[in-house]
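Each chain, letter by letter, is given below.
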Amino acid sequence: MTSLPEVDTLQYRRTMGRFATGVTVLATTMPSGEPIGMTANSLTSVSLEPILLLVCVQKTAHIMPHLQANEVFSLSILSYEQIPLSDYFAGRSPLPEPPPFEFVTWEGGLRLAGCVGALGCVRHQVLEGGDHWIVLGRVTALYCSDDPPHPLIFFGGRYRRLLPDPV
């Protein structure tokens, strides 16, 4: 086998930062029934038959044991106004208290009130992916806001928002 060149991890992160993504909160419940969530921007549509998506979760993430124990999880697609929630669920909130938020129970599990959209899933498979788990979910429920606010975008290590199309 041909040896592969070494790639600098910092340069890899910088390069991947040039790929704009949406921002979501991955949520499930703990055995007590209490919600647990984390910010995730590694969401990808995988298949239409069956409808599958994937989300990558660091192996050391506090949510991972709950994702492995509970087969139901959801992803709430955040709006630009929900930056404080993204920071909170990423564990980097500058606020001493959590920002105000509400998880709404719906047929897909949990979704954050005010989100742009949400996907409810049943865990399909968990695969190893280096220092992350690749969690495949079979989509069982969809939610789209009737009047969607601006979605939250992450690009170049910063939050962004879409501008309206020029008329």
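This text goes with the structure placed above it.
This write-up is about the structure you can find in this document.

Thresholds applied
- Residues numbered from 1 in each chain as written.
- Predicted model: local features only at pLDDT ≥ 70, side-chain atom pairs only at ≥ 80, totals over all residues.
- Heavy atoms only, no water.
- Pairing = 2+ DSSP bridges.
- Helix = DSSP H or I, 4+ residues; strand = E, 2+ residues; numbered from the N terminus.
- 1 Å grid on protein atoms, 1.4 Å probe; cavity = no way out; pocket = protein on both sides within 12 Å on 5 of 7 lines; lining within 4 Å.
- Points joined across faces, edges and corners; volume = space filled by probe spheres on them.
- Nonpolar A, V, L, I, M, F, W, Y, C, P; charged D, E, K, R; others polar.
- Contact = heavy atoms within 4.5 Å.
- Polar contact = N/O pair within 3.5 Å; in protein donor to acceptor, adjacent residues only side chain to side chain.
- Core = buried A, V, L, I, M, F, W, Y, C linked by side-chain atoms within 4.5 Å.
- Buried < 20%, exposed > 50% of the residue type's maximum accessible area, 1.4 Å probe, protein only.
- Salt bridge = Lys/Arg side-chain N within 4 Å of Asp/Glu carboxyl O.
- Phe/Tyr/Trp six-rings, centres within 6.5 Å; stacked < 30°, edge-to-face > 60°.
- Lys NZ or Arg CZ within 6 Å of the ring centre and 35° of its normal.

Here three strands make up an open sheet; going across it, the order is S1-S11-S12 and the pairing antiparallel. Because the sheet does not close on itself, it has two edges, and the strands there are strand S1 (21-22) and strand S12 (158-161). Here two bridges tie S1 to strand S11 (residues 152-155), and the two strands are oriented antiparallel to one another. Each bridged residue has a counterpart across the sheet, and for Thr21 the counterpart in S11 is Phe154.

A word on the layout of surface pockets. Of the volumes computed, that of the largest pocket is approximately 1500 Å³. In this structure, the largest pocket is lined by 37 residues; those nearest its centre are Arg13, Asn41, Ser42, Cys56 and His132. Of the residues that constitute the lining of the largest pocket, the class distribution is 18 nonpolar, 16 polar and three charged.

Bringing the environment of Thr21 into the picture now. Here Thr21 shows up in strand S1. Spatially, the C-alpha atoms of Thr21 and Gly37 are 19 Å apart, while their sequence positions differ by 16 residues. In contact with Thr21, not counting residues within four places along its chain, are Asn41, Leu152, Ile153 and Phe154. In this structure the side chain of Thr21 is engaged in a polar contact, spanning 3.1 Å, whose partner is the side chain of Asn41.

The side chains of a regular strand alternate between both faces of the sheet. Where strand S5 (residues 51-58) lies against strand S10 (residues 132-144), seven bridges are found, and the strand directions are antiparallel. Its bridge partner lying in S10, Leu54 is registered against Leu136. As paired strands, strand S9 (residues 117-129) and S10 are joined by 12 bridges and run antiparallel to one another. When the bridges of S10 are listed, Gly117 appears paired with Cys144.

Membership of the largest hydrophobic core comes to 18 residues, with the highest contact counts inside it found for Leu26, Val57, Ile63 and Phe73. Broken down by secondary-structure element, the contributors of at least two residues to this core are strand S3 (35-40), S5, helix H2 (64-69), strand S6 (72-77), S9 and S10. Discounting residues that sit within four places of it in the chain, Ile63 has contacts with Leu26, Ala27, Thr28, Ile36, Gly37, Met38 and Val57.

Turning our attention to the environment of Gln82. By secondary structure assignment, the location of Gln82 is in the loop between S6 and helix H3 (83-89). A sequence separation of 59 residues divides Gln82 from Val23, and the C-alpha atoms of the two residues are 9.7 Å apart. In this structure, Gln82 is in contact with Ile77, Leu112, Ala113, Gly114 and Cys115, ignoring residues within four places of it in sequence.

Inspection of every chain in the model, using the stated rule, returns two salt bridges. Glu128 is the partner of Lys59 in a salt bridge, and the nearest nitrogen-oxygen pair spans 2.5 Å. In this pair, Lys59 sits in the loop between S5 and H2 while Glu128 sits in strand S9, placing the two residues 69 residues apart along the sequence. According to the relative accessible area criterion, Lys59 is partly exposed, its value standing at 29%.

Glancing now at the packing of aromatic side chains. If you walk through the whole model with that rule in mind, you get seven aromatic pairs. Each ring, one from Phe89 and one from Phe103, has its centre 5.9 Å from the other, and the planes form 65°; the classification is edge-to-face. Remark: Phe103 occurs in strand S7 (residues 103-106) and Phe89 occurs in helix H3; sequence separation between them is 14 residues. On the basis of relative accessible area, Phe103 is assigned to the buried category, the value being 15%. Counting every residue linked through ring pairs, the aromatic cluster contains Tyr88, Phe89, Phe101 and Phe103. Its end group placed over the ring of Tyr143, Arg111 keeps NZ or CZ at 3.8 Å from the ring centre.

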